[in-house]
Amino acid sequence: MTAPIGLLGGTFDPIHVGHLRTAIQAQEQLGLSEVRLLPNHIPPHRATPDSAPKHRLAMARLAAAATPGLTVDERELNRTTPSYTIDTLIELRAELGQQPLCFIMGMDSLCSLNKWHRWQELLEHAHLVVSHRPGWKPTFDDTLEQLYQNHGTQDRERLHRTPAGHIFLLDNPELEVSSTQIREGVRRGNNPQYLLPDAVANYIRQQGLYTGSVV
Ligand code: ATP
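What comes next concerns the included structure. Numbering of residues starts from 1 in each chain and follows the order in which that chain's sequence is written. Local features are withheld for residues below a pLDDT of 70 in this predicted model, meaning they are given only at 70 or higher, and side-chain atom pairs are given and counted only at 80 or more; totals for whole chains, interfaces and linings count all residues. Side-chain figures throughout are based on the complete set of non-hydrogen atoms in the structure, without hydrogens or water.

**Things to note about the packing of aromatic side chains**
Stage number 1. Only Phe, Tyr and Trp rings take part, Trp by its six-membered ring, and two of them pair if their centres are within 6.5 Å. Stacked means planes under 30 degrees apart, edge-to-face means over 60, and tilted covers everything else. Applying the stated criterion across every chain yields a total of two aromatic pairs.
Stage number 2. Aromatic side chains F103 and W116 sit 6.3 Å apart centroid to centroid with 85° between the ring planes, which places their arrangement in the edge-to-face category. Of this pair, F103 sits in strand β4 (residues 101-106) while W116 sits in the loop between α5 (107-111) and α6 (122-125); the two residues are 13 residues apart in sequence, bridging distant segments of the chain.
Stage number 3. A centroid spacing of 5.8 Å and a plane angle of 55° characterise the contact between F140 and Y148, whose relative ring orientation is tilted. Counting from the N terminus, the helices are the DSSP runs of H or I reaching at least four residues and the strands are the DSSP runs of E reaching at least two.

**Comments concerning the pairing of β4**
Stage number 1. Throughout this description, buried means an accessible area under 20% of the type-specific maximum (1.4 Å probe, protein chains only), exposed means over 50%, and partly exposed covers the range between. Summarising burial for β4: six of the six residues are buried, a large majority.
Stage number 2. Neither face of β4 is left uncovered, since the one carrying L101, F103 and M105 and the one carrying C102, I104 and G106 both have all their residues buried.
Stage number 3. In terms of strand pairing, strand β1 (residues 5-10) meets β4 through four bridges, oriented parallel. Bridge pairing in β4 places I5 opposite L101.
Stage number 4. Paired strands are those between which DSSP finds at least two bridges. With five bridges connecting them, β4 and strand β5 (residues 127-131) associate as parallel partners. By the bridge assignment, C102 is partnered in β5 with H127.

**Regarding helix α2 (residues 53-65)**
Stage number 1. With 13 residues, α2 extends 18 Å between its outermost C-alpha atoms, agreeing within 8% with the 18 Å of an ideal straight helix rising 1.5 Å per residue.
Stage number 2. Of all the positions in α2, only H55, R56, L57, A58, M59, A60, A63 and A64 are classed as buried.
Stage number 3. Turning to α2, the residues buried within the fold contact β1, α1 (17-30), β2 (34-39), β3 (70-72), α3 (75-78) and α10 (198-207). By this rule, a helix spans an expected 1.5 Å times one less than how many residues it contains. In what follows, residue pairs with any heavy atoms lying within 4.5 Å of each other are defined as contacts.

**Let's talk about unusual backbone geometry**
Stage number 1. For the bond from D13 to P14, the omega torsion is 5°, close enough to zero to count as cis.
Stage number 2. Within the fold, P14 resides in the loop between β1 and α1.
Stage number 3. For R118, which is not glycine, the phi torsion reads 50° and is therefore positive.
Stage number 4. Positionally, R118 belongs in the loop between α5 and α6.
Stage number 5. Overall, R118 belongs to the partly exposed group, its relative accessible area being 33%.
Stage number 6. Even without being glycine, Y194 reaches a positive phi, approximately 75°.
Stage number 7. In this fold, Y194 is placed in the loop between α9 (179-187) and α10.

Here it is, written out as structure tokens:
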């Protein structure tokens, strides 16, 4: 069976080292053939002036260009309506046939997984690969605990042998960085260097993002 593909979804407003180290750790620990960054479509009522899709996409592209093994999957941004992760995974599963697919997320996302649309079906189409994040312990409620009991594994070969169905916790250093923290810092005039790739930091400065004046 071909090596699994990784998929890391997010708003990426902006993309930062927490996302990118997660992508690299997943690729190296699991032997992924590539990791695709999947910028999410944000519903208009949730969008801030900072989160224009063209800027989030441009920053994801700059980060991917600077990082071997990373690509950008634009499918959710190309749609006119927000899409649920389950719809994207079904679409990808149809494209990939039996090739394993690893949907990568932070521990905060796993802890709220049972609030996602049709969350019980996600594991029919992909494995879930989870990075540790400061402040988020893998302490699940009963529903998620049961899910983890049924699907958890630390054997990477099982993620290569089956197209979907396992939950794997990455062994990654926890990085105390978030997009919110970067946006707030830039708004206050702080330098975000080393929290994200230089190309992304330059883009934010050139475009005047997160200063409250740019759409
Ligand atoms: P915001 O602060 O705007 O909520 P964020 O920093 O959480 O943004 P997202 O784009 O929402 O970033 O995150 C996309 C995915 O990356 C999510 O699954 C999230 O859990 C994960 N992630 C984000 N930051 C980190 C981090 N520092 N370490 C590990 N995973 C992370």
